Amino acid sequence: GAVVSQHPSRVICKSGTSVKIECRSLDFQATTMFWYRQFPKKSLMLMATSNEGSKATYEQGVEKDKFLINHASLTLSTLTVTSAHPEDSSFYICSASGPFFSGGGHSTDTQYFGPGTRLTVL
Amino acid sequence: GNSVTQMEGPVTLSEEAFLTINCTYTATGYPSLFWYVQYPGEGLQLLLKATKADDKGSNKGFEATYRKETTSFHLEKGSVQVSDSAVYFCALLGAQAGTALIFGKGTTLSVSS
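Chemist: Is there a simple way to explain the sheet that holds strand β8 (residues 62-65) of chain B in this structure?
Modeler: To summarise the sheet geometry, strands pair through backbone hydrogen bonds and adopt either a parallel or an antiparallel arrangement. Residue and element names in this part refer to chain B. Within the open sheet, the four strands sit side by side as β3-β9-β8-β7. Their pairing is antiparallel. For this open sheet the edge positions go to β3 (19-21) and β7 (56-59), each flanked by a neighbour on one side alone. Direction aside, neighbouring strands of the sheet carry axes that sit 15 degrees apart on average. As paired elements, β7 and β8 share four bridges and run antiparallel to each other. In the strand pairing of β8, Asn59 is matched with Phe62.

This is how it looks when you write it as structure tokens:
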């Protein structure tokens, strides 16, 4: 249980185009989803926190007009990189947290991560 | 604010060697502490966690004890295997609901046979 998927796993696009990345919780309702960005050989940098049905909260320095986040349902959040440029090339990872199904041995303080999306902007 | 500091690698060990990856934290209140592992080409996986002082998290032979007096959560394994080669991240979750994990910079472990 507690599986989070991301789609696509890898995307290559031309500079100036927009790319949408989906994050889905497959077997639980994710009241909160998080979007991270990971640079090569670096740690994860939190971009934004997304609660279902409300606007995302962006971290300082993250352009909310460039990285559009939508959390329309308890199982789906999307990140759209608008007018992508080569410097946006990175590994984008989402995570999701509870509430979890009962008996699953999970707790609401645990975040489960998607496998990530590798974005390359040419 | 909350932060996590972990030793930077790479850490290179021979198979069956003892592993320690240090992690210390700064936080207000009583955070939960985690170790995540990222195998090459894959996403993050939860390795173990501890939610209160003196708790010991363990999984797959790895252990870490939540030490509030030293604000540490060091990861240990008595005998590493080649398959343990990965990047290990120490992380902290603040006490407030709905907060995101704060990660250390990650430590790359390379185990050779």
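Let us keep going from here.
Chemist: Looking at this model, I keep getting lost on the layout of surface pockets. Mind explaining?
Modeler: Over the atoms rolls a probe the size of a water molecule, and in doing so it shows where empty space is left. The space that makes up the largest pocket amounts to roughly 750 Å³. Taken together, 29 residues form the lining of the largest pocket, with Gln38, Lys41 and Lys42 of chain A together with Gln38 and Val87 of chain B sitting closest to its centre. Those elements that place two or more of their residues in the lining of the largest pocket are β10 (86-93) and β12 (107-112) of chain B. A per-class count over the lining of the largest pocket returns eleven nonpolar, eleven polar and seven charged. Space inside the second largest pocket adds up to approximately 340 Å³. Along the walls of the second largest pocket sit 18 residues, with Leu46 and Glu59 of chain A together with Thr99, Ala100 and Ile102 of chain B positioned nearest its centre. Elements represented by at least two residues in the lining of the second largest pocket include exactly β5 (44-51) of chain A together with β11 (101-103) of chain B. With four residues, β5 of chain A is the single largest residue contributor to the lining of the second largest pocket.

Chemist: Would you take a moment to explain the interface of chain B and chain A for this structure?
Modeler: Where the parts come together, the accessible area they lose is often given as the size of the interface. Of the residues lining the interface, 19 residues belong to chain B; the matching set on chain A comes to 18 residues. Buried surface at the junction of chain B and chain A, both sides included, amounts to about 1,300 Å², of which 56% is carbon and sulfur. The largest contributions to the chain B side of the interface with chain A come from Leu44, Ala100 and Phe103 of chain B, which together make up 30% of the buried area. At the junction of chain B and chain A, the tally comes to zero salt bridges. There are four residue pairs in polar contact (both at pLDDT 80 or more) connecting chain B and chain A. Listing elements by their share of the side of chain B that touches chain A, those giving two or more residues are β5 (32-38), β6 (44-50), β10 and β11 of chain B. Residue contributions to the side of chain B that touches chain A peak at four residues, all from β5 of chain B. When its residues are assigned to classes, the side of chain B that touches chain A shows nine nonpolar, seven polar and three charged.

Chemist: What am I meant to see in the environment of His74 of chain B here?
Modeler: Residue and element names in this part refer to chain B. Along the polypeptide, His74 turns up in the loop between β8 and β9 (75-77). His74 sits in the partly exposed class, given a relative accessible area of 29%. For the pair His74 and Asn59, spaced 15 residues apart in sequence, the C-alpha to C-alpha distance is 14 Å. Once residues lying within four places of it in the same chain are set aside, the contact partners of His74 are Ile21, Asn22, Cys23, Thr24, Trp35, Glu63, Ala64 and Thr65. There is a polar contact of 3.4 Å between the side chain of His74 and the side chain of Asn22. Here the side chain of His74 touches Cys23 through a polar contact of 3.0 Å, landing on its backbone nitrogen.

Chemist: I tried to follow the state of the cysteines on my own but got confused; where do I start?
Modeler: What we call a disulfide is simply a covalent bond connecting the sulfur atoms of a pair of cysteines. Residues and elements named next belong to chain A. One pass over the structure, following the stated rule, counts two disulfides over all chains. Note on cysteine connectivity: Cys23 is disulfide-linked to Cys94, with sulfurs 2.0 Å apart. Here the S-S torsion is close to 80 degrees, and the disulfide linking Cys23 with Cys94 is therefore right-handed. Placement of the pair is Cys23 in strand β3 (residues 19-25) and Cys94 in strand β9 (residues 90-97), with a sequence separation of 71 residues. As far as burial versus exposure is concerned, Cys23 and Cys94 are alike and both buried.

Chemist: Can you help me understand the confidence of the model for chain A in this one?
Modeler: Interpretation of the predicted coordinates at a detailed level should be avoided for regions scoring low in pLDDT. Residue and element names in this part refer to chain A. Summarising the model, chain A shows a mean pLDDT of 87, and 90% of its residues fall at 70 or more. Per-residue pLDDT, averaged within each element of chain A, yields its smallest value for strand β10 (residues 112-113) (88) and its largest for strand β2 (residues 10-13) (96). Low pLDDT, under 50, characterises residues 101-106; the predicted model gives this stretch nine contacts beyond four residues in sequence or across chains.

The rules behind these values
Residues numbered from 1 in each chain as written. Chains lettered and ligands numbered in written order. Predicted model: local features only at pLDDT ≥ 70, side-chain atom pairs only at ≥ 80, totals over all residues. Heavy atoms only, no water. Pairing = 2+ DSSP bridges. Helix = DSSP H or I, 4+ residues; strand = E, 2+ residues; numbered from the N terminus. Axes fitted to C-alpha atoms, helices over the stretch in contact; angles between N-to-C directions. 1 Å grid on protein atoms, 1.4 Å probe; cavity = no way out; pocket = protein on both sides within 12 Å on 5 of 7 lines; lining within 4 Å. Points joined across faces, edges and corners; volume = space filled by probe spheres on them. Nonpolar A, V, L, I, M, F, W, Y, C, P; charged D, E, K, R; others polar. Contact = heavy atoms within 4.5 Å. Buried area = accessible area lost by both parts, 1.4 Å probe. Salt bridge = Lys/Arg side-chain N within 4 Å of Asp/Glu carboxyl O. Polar contact = N/O pair within 3.5 Å; in protein donor to acceptor, adjacent residues only side chain to side chain. Buried < 20%, exposed > 50% of the residue type's maximum accessible area, 1.4 Å probe, protein only. Disulfide = S-S within 2.5 Å. pLDDT = per-residue confidence, 0-100.

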